[in-house]
Every structure is written in structure tokens, then in C-alpha cells.
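For reference, the chains in residue letters:
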Amino acid sequence: MALLLHDTLAREKRPFGPPDHPIKMYTCGPTVYDRVHIGNLRAFLFYDLLRRSLEWLGYEVRHVMNLTDVDDKTIRGARREGVPLREFTERYTRTFLDDCDALRILRPHVMPRATDAIPEMIALTERLLATGVAYRSDDGSVYFKIAAFPGYGKLSHLEARTLQAGAGGRVAQDEYDKESAHDFALWKAWSEDDGDVAWDAPFGRGRPGWHLECSALAFKHLGEALDVHAGGVDLVFPHHENEIAQSEAASGCTFARFWLHNEHLLVGGQKMSKSLKNFYTLGDLVTLGQATPREVRYALIAAHYRSPSNLAVTYEGEGEARRPVRFDSLVDARGALKRLDAFRRDLRARATSPAAPDGAHERLARARTAFHDAIEDDLNVPRALAALFELVADVNRLGAWDVEFAAAVEAFWDDADRVLGVLAPEADALSPEEQALFERWQAARAAKDWAGADAVKAELTARGVTVQARKDGATWTRG
Ligand SMILES: [Zn+2]
């Protein structure tokens, strides 16, 4: 089999193609105006799963994710607190990265801030003005004329009549819904609400619109033709539709070969909202649910990324008095991880037999194949996890085995964890930085760069991580 991914544009699973070139992967990052909630985190976990799966399957990946640090919401927040925009957005960038680290989300290779690429956004706006798909309005803002781009609506499959109804209108806000397919702002002329947030441009003083940001940053860091662009399903319209329009009208080529979207997360069977009191951050789940970030990761990746997932919660009381009494999905995650941990821990202790029982290696091979096929089939994590649990049941029935079989199962476990990032127990997990060092150490050894390997090893030792090369692969221990 080969990797199949569901492309939102084609509305079907398509072969992703062989790993014959570095993959340009762009994902929409957070708007850093508040703590991210767990619905947002589901998207970031999905990006992580996508990146890890591609790398595990042998692709070389360059992952770029923007930080939206200038838009309607960030400006409003900074103004409310009376602090400079950068100071305000840096605070939430830090809390966002802390959450990602706790959830073992690998850091993208590049995380550009929107405000660091204003010249590129101005240049892209000029390019669009020059091609005639953009125009300057009376107030000095620049809009994209959707009627001038024939492909508008192809990603979200907008009905032609919706488009016609919207034609001629304009929308300045960054976010709006499907009922209003309007010309959208590429560049917003300065208004009083913007305070001191403005840049000079040949077409007037102002600031970029949110949609423009992603096209300009993708062009800057990955070029004009991406392999894969991903985001939450709520970004399909208008954000991604607008990204396609701007990018393709400017470049003349297909913006992304694949468009991937993850579904919503429900909490307690309902859409998250502050009024329903089911709106949580990672910190809330750790405190209220007494869960570890590892358990949260498990609970959020266990459903297929394209299925709406529900974080089950039992509530007590109504209205204002409503409060959670049990986070059922987190309790389930804890149980599942306990079972997997016990299995992994006892593999060596139960290696008391001089040989593996009949059929043991075949069962392991079956689990490997099932896991691999599941990931290649549009990143089917539920099936991949089922393959692990089946192996646990199969092997437990064997009773005892030899050391060689135990090592083979451990090797499979560690390999599967390169995709899942959830099997290593909490206290033992490497931080993303340590993981990167561990991988550099292995790469240096593989390249016979002994001096380089020793230097990286010393860095790991200084962090309390001891590494060891073994016949069946490298290992690490803490302490
Ligand atoms: Zn975006």
C-alpha cells in the first residue's frame, strides 16, 4: 500500500505520492490573543500526527506554521490592556508553546510571526493590484475581487448562487460566515480602532488582513506551490478559500497539492462555548480533570481526525451552577494507557522462556502490518491503536517468551510511538528539544561523526538523559 490522504478539494482519498522530494507542509497557526482551548489543540495535535506520520513513512518534511499576531482580535486585546501589541502577543505565544510542549507536539521548523513579514504582504498586495484581481476602495483599503477569480469557491464547494448574491459586496472583518461570500480585505486602511498598529504601504497606511498573512508567509518560507496545507474544518471558508484565491491569482499555479482538515471537537456532546461552561484549556483539564497532558493527548488523538470527536464529560447542576464531576474520556484514556504501560513494562520480566512460543513472531508481524496499513490509510489512528491492543491481548495469551522476542516487541512499540507520541510514560518522555538531540545523536553516529555524536551526547547527559547504542537500536534512560 502507499500513503492515501483525504483531500478536501477532491473530496476523496488520493495517493500522496512517493517520498521522492522534501514535503512543503503549511499549517495555520494560532491567533495569539488568549490561551488556546482544547478544540484548537485538536488541530495542532492533528498537524503533529500528519508531520510525524510523513516522517515515519520516510518523507522529509519542512513544516511551517504562522503565528497570527496582528488581526482584529489581537489588536482589540492589546488595546483593552493598554500594552504594546508585541508584548500582548508574546505572552500568548509562550503559553501556546508551553501547551504544545506538554502535549509532545513537535515544533514546526519555522514559526514566523505575521508582523515579521509585512514587506512580503505589501509586495503580494501590489502583485494582486497589478494583475487586476484587487482594487483599492474609497477608504484606502485594498480588497480582493472574488468575481475576478473563476476558481473562487472550489474548496468549500460554495453554490454559485451564494456567490452571486454576495458579488459586489465587501467585508472588512477577518472572520465572517458562508452566507456572505464577499470581496475580502487584503489590506485594511488604518482606523481609530487600530491605535498605533499600522505600516506604510504604497497603497496607503494600514495593516494586512488575516487571510493575506498565510499566503505571504507560505510563499516566503516554502515557495508558491505547497505539497500539503492543513487546518481545522472551520478554516475551509472563508480563510482557505481566500488563501487559494490570493495565492493562485498571484502565482498562476496550484497553491497546494493536498488540503487536509480536521473535524471539530465536542465537549460533553456539545459545541464548546463559554455560556455552556464547557470551554476548557489544557490547564483546565489538568486541574479539573486531574489528568496528565499525556492522557489529554491520548484522548484527543484517539478518534480519527476527520470524525467529530467528543470529549465525554459528566456534569452536575444546571445553568450557572453547572459543573463537571467527571471527565469520562480522560478516565478512559488513563485506563487505556495503564494497560499499554503494564504490557511494555512486563515484556522483559516475562522473558523467562528459552524461545518464543510458536506463532509469536507471526503475531508481531501481523500487528506491524496492521499498524502500518492504518497510518497509510489517511492516518487512521483508531485502527492503529486497535492493532496495538490486539497485540497486547495476543501476546498476553502466550504466557512467557524469550529475550529476543521481548526486544522485538519493544522495538515495534518505540517505532509506533514515533507516530503516536503517546506511548512513552510521562516521567520518561523526552521533551521535544531532548528528542531532537537524541535524533541528532543517532544521525551523527550513523554518519560515523564520532566527535559530533559525543558533543550531542554530552548535551543530553547535562540534561540528565543517558543514551546508549544497542544492536537493536539506540535507547535512552533518565537519571
Ligand atoms: Zn491560514
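Since the structure is predicted, the reported quantities are computational estimates derived from the model, not experimental observations.

Q: For this particular structure, what's the right way to read the overall build of the chain?
A: Helix and strand content of the chain: 15 helices and 18 strands. Taken over the C-alpha atoms alone, the chain extends approximately 85 × 60 × 45 Å along its principal axes. Per-residue burial for the chain yields a buried fraction of 53% across its 479 residues. Taking the contacts inside the chain whose residues are at least 6 apart along the sequence as the reference set, 74% of them involve residues at least 24 apart.

Q: For this particular structure, what's the right way to read the side chain of Ser309?
A: Mapped onto the elements of the fold, Ser309 is located in strand β14 (residues 309-311). Owing to a relative accessible area of 5%, Ser309 belongs among the buried residues under this scheme. Other than its neighbours up to four places away in sequence, Ser309 contacts Arg42, His264, Leu265, Leu266 and Ala303.

Q: Would you mind going over the packing of helix α4 (residues 118-131) against helix α6 (residues 210-222) with me for this structure?
A: Between two packed helices, both the angle of their axes relative to each other and the distance between the axes serve to describe the pair. Remark: α4 packs on α6, axes separated minimally by 9 Å, with the N-to-C direction vectors making an angle of 105°. With respect to α6, the element α4 is oriented roughly perpendicular. Between α4, through Glu120, Met121, Leu124, Thr125 and Arg127, and α6, the contact on the second element is made entirely by Leu212, Glu213, Ser215, Ala216, Leu217, Phe219 and Lys220.

Q: When you look at the coordination of the zinc ion in this model, what are you seeing that I'm missing?
A: When a metal holds four donors in a tetrahedron, each ideal angle between them is 109.5 degrees; when it holds six in an octahedron, the ideal angles are 90 or 180 degrees. Surrounding the zinc ion are the protein donor atoms Cys28 (SG), Cys214 (SG), His239 (NE2) and Glu243 (OE), at 2.0 to 2.4 Å. Around the zinc ion sit four donor atoms, and with donor-metal-donor angles ranging over 77 to 130° the site reads as irregular. Mapped onto the polypeptide sequence, the residues donating to the zinc ion form the spacing pattern C-x185-C-x24-H-x3-E. Here Cys28 is found in the loop between β3 (23-27) and α1 (38-56), whereas its partner Glu243 is found in helix α7 (residues 236-251), with 215 residues between them in sequence. Look at Glu243 and you get buried, because its relative accessible area is 0%.

Q: Can you walk me through the sheet that holds β3 in this structure?
A: Note on sheets: strands pair through backbone hydrogen bonds, and any given pair is parallel or antiparallel. Strand order in this open sheet of four strands is β4-β3-β10-β11, and the pairing throughout is parallel. Across the chains shown, the open sheet's two edge strands, defined by having one partner strand only, are β4 (61-65) and β11 (256-262). Between one strand and the next, the sheet's axes are offset by a mean angle of 20°, whatever the strand orientation. As paired elements, β3 and strand β10 (residues 226-232) share three bridges and run parallel to each other. Bridge pairing in β10 links Met25 to Val228. Packing of α6 onto the sheet brings it into contact with β3, β4 and β10, and relative to β3 it is tilted by some 155°.

Q: Help me out: how do you make sense of the pattern of salt bridges in this one?
A: Between side chains of opposite charge, pairing is possible as soon as their charged atoms come close. If you walk through the whole model with that rule in mind, you get 34 salt bridges. In this structure, Arg366 and Asp394 form a salt bridge, with 3.7 Å as the shortest nitrogen-oxygen distance. In this pair, Arg366 sits in helix α11 (residues 360-376) while Asp394 sits in helix α12 (residues 381-398), placing the two residues 28 residues apart along the sequence. Taken together, the salt bridges that share partners define one network made up of Asp72, Lys188, Asp194 and Arg207.

Q: Honestly, α7 in this entry has me stumped. Any pointers?
A: Within an α-helix, residues lying three or four positions from one another point in the same direction, as the helix has 3.6 residues per turn. Counting buried residues in α7 gives 15 out of 16 residues, a clear majority hidden from the surface. Of the residues one or two after α7, Gly252 is the one with positive phi, at around 80°.

Q: Looking at this structure, how should I read the nonpolar core?
A: Generally speaking, nonpolar side chains in soluble globular proteins are found buried as a group. Counting residues in hydrophobic clusters, the biggest one holds 139 residues, and the most contacted among them are Phe144, Leu311, Phe371 and Leu388. Ranked by residues supplied to this core, first place goes to α1 with 11 residues. Two domains share this core, each providing at least three of its residues, namely domain 1 (4-262) and domain 2 (267-331). Beyond its immediate stretch of four places on either side in the chain, Leu311 contacts Ile38, Leu265, Leu266, Val267, Gly268, Leu285, Ala299, Leu300, Phe327, Ser329 and Leu330. Counting residues in hydrophobic clusters, the runner-up holds 10 residues, among them Leu430, Trp441, Ala453 and Leu460.

Q: Got a minute to help me understand the packing of aromatic side chains in this structure?
A: Scanning the entire structure with this criterion turns up 19 aromatic pairs. A centroid spacing of 4.3 Å and a plane angle of 15° characterise the contact between Phe46 and Tyr305, whose relative ring orientation is stacked. Of the two residues, Phe46 sits in helix α1 while Tyr305 sits in the loop between α9 (293-301) and β14, which places them 259 residues apart along the sequence. A relative accessible area of 3% places Phe46 in the buried class. Judged by relative accessible area, Tyr305 falls into the buried class, the value being 4%.

Conventions and cut-offs
Residues numbered from 1 in each chain as written. Predicted model: local features only at pLDDT ≥ 70, side-chain atom pairs only at ≥ 80, totals over all residues. Heavy atoms only, no water. Helix = DSSP H or I, 4+ residues; strand = E, 2+ residues; numbered from the N terminus. Buried < 20%, exposed > 50% of the residue type's maximum accessible area, 1.4 Å probe, protein only. Contact = heavy atoms within 4.5 Å. Axes fitted to C-alpha atoms, helices over the stretch in contact; angles between N-to-C directions. Parallel < 35°, antiparallel > 145°, perpendicular 65-115°, else oblique. Donors = N, O, S within 2.8 Å, 3.2 Å for Na, K, Ca; no water. Tetrahedral: all angles 85-135°; square planar, octahedral: opposite > 155°, others 65-115°. Pairing = 2+ DSSP bridges. Salt bridge = Lys/Arg side-chain N within 4 Å of Asp/Glu carboxyl O. Core = buried A, V, L, I, M, F, W, Y, C linked by side-chain atoms within 4.5 Å. Domains from an automatic or database assignment. Phe/Tyr/Trp six-rings, centres within 6.5 Å; stacked < 30°, edge-to-face > 60°.

The values are spatial; any link to function lies outside them.
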